[in-house]
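# Examining the three-dimensional arrangement
Read off the chains here:
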Amino acid sequence: MVQVNVLERPIERIKETCELMGIADKFDCALPELETFLEAQVAQGEVRETRLTYDGLRYLRRLLTEALRSPSQNVR
């Protein structure tokens, strides 16, 4: 049986975007929280790759913005 991971491609696209922006290290730190967020989206029924990518990028931006405002966060 072949198991398809619906999050694989959106996470790959988000990572590529972060690499292009020069923040790949921040992506690596935020990945666990990003995966949890995307898993919740899938649990709510979202399976469109483009939507998961877009929402994931927005969530990552929010995480990184909050980290800048509050330097005690783990995401640097």
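Computed from a predicted model, the values in this text were never measured in an experiment.

## Re the packing of helix α1 (residues 8-21) against helix α2 (residues 24-43)
Axis separation between α1 and α2 bottoms out at 10 Å; the angle between their running directions is 155°. Relative to α2, the element α1 is oriented roughly antiparallel. For the pair α1 and α2, the sense of crossing is right-handed. Note on element contacts: α2 touches α1 through A24, F27, L31, L34, E35 and L38, opposite I11, I14, K15, C18 and E19. Looking at the contact of α1 with α2 residue by residue, the class counts come to eight nonpolar, no polar and three charged.

## Topic: a negative patch on the surface
Together, E16, E19, D25 and D28 make up a region of like negative charge exposed at the surface. Secondary-structure elements contributing two or more residues to the negative patch are α1 and α2. Along the chain, E19 turns up in helix α1.

## Observations concerning the layout of surface pockets
Size it by volume and the largest pocket reaches roughly 180 Å³. Along the walls of the largest pocket sit F37, Q41, D55, R58, Y59, R61 and R62, which together make up its complete lining. Mapped onto the lining of the largest pocket, the elements with two or more residues apiece are α2 and α3 (49-69). Taken together, the residues of the lining of the largest pocket break down into two nonpolar, one polar and four charged. One number sums up the size of the second largest pocket: a volume of about 150 Å³. Taken together, T17, C18, M21, I23, L57, L60, R61, L64 and T65 make up the full set of residues lining the second largest pocket.

What counts and how
Residues numbered from 1 in each chain as written. Predicted model: local features only at pLDDT ≥ 70, side-chain atom pairs only at ≥ 80, totals over all residues. Heavy atoms only, no water. Axes fitted to C-alpha atoms, helices over the stretch in contact; angles between N-to-C directions. Helix = DSSP H or I, 4+ residues; strand = E, 2+ residues; numbered from the N terminus. Parallel < 35°, antiparallel > 145°, perpendicular 65-115°, else oblique. Left-handed = near helix turned anticlockwise from the far one by under 90°. Contact = heavy atoms within 4.5 Å. Nonpolar A, V, L, I, M, F, W, Y, C, P; charged D, E, K, R; others polar. Patch = residues over 30% accessible without salt bridge, like charges linked within 9 Å, V, L, I, M, F, W, Y side chains within 5 Å. Areas by Shrake-Rupley, 256 points an atom, 1.4 Å probe, with all protein chains shown as cover. Salt bridge = Lys/Arg side-chain N within 4 Å of Asp/Glu carboxyl O. Lys, Arg positive; Asp, Glu negative; His and termini not counted. Charge placed at Lys NZ, Arg CZ, Asp CG, Glu CD. 1 Å grid on protein atoms, 1.4 Å probe; cavity = no way out; pocket = protein on both sides within 12 Å on 5 of 7 lines; lining within 4 Å. Points joined across faces, edges and corners; volume = space filled by probe spheres on them.

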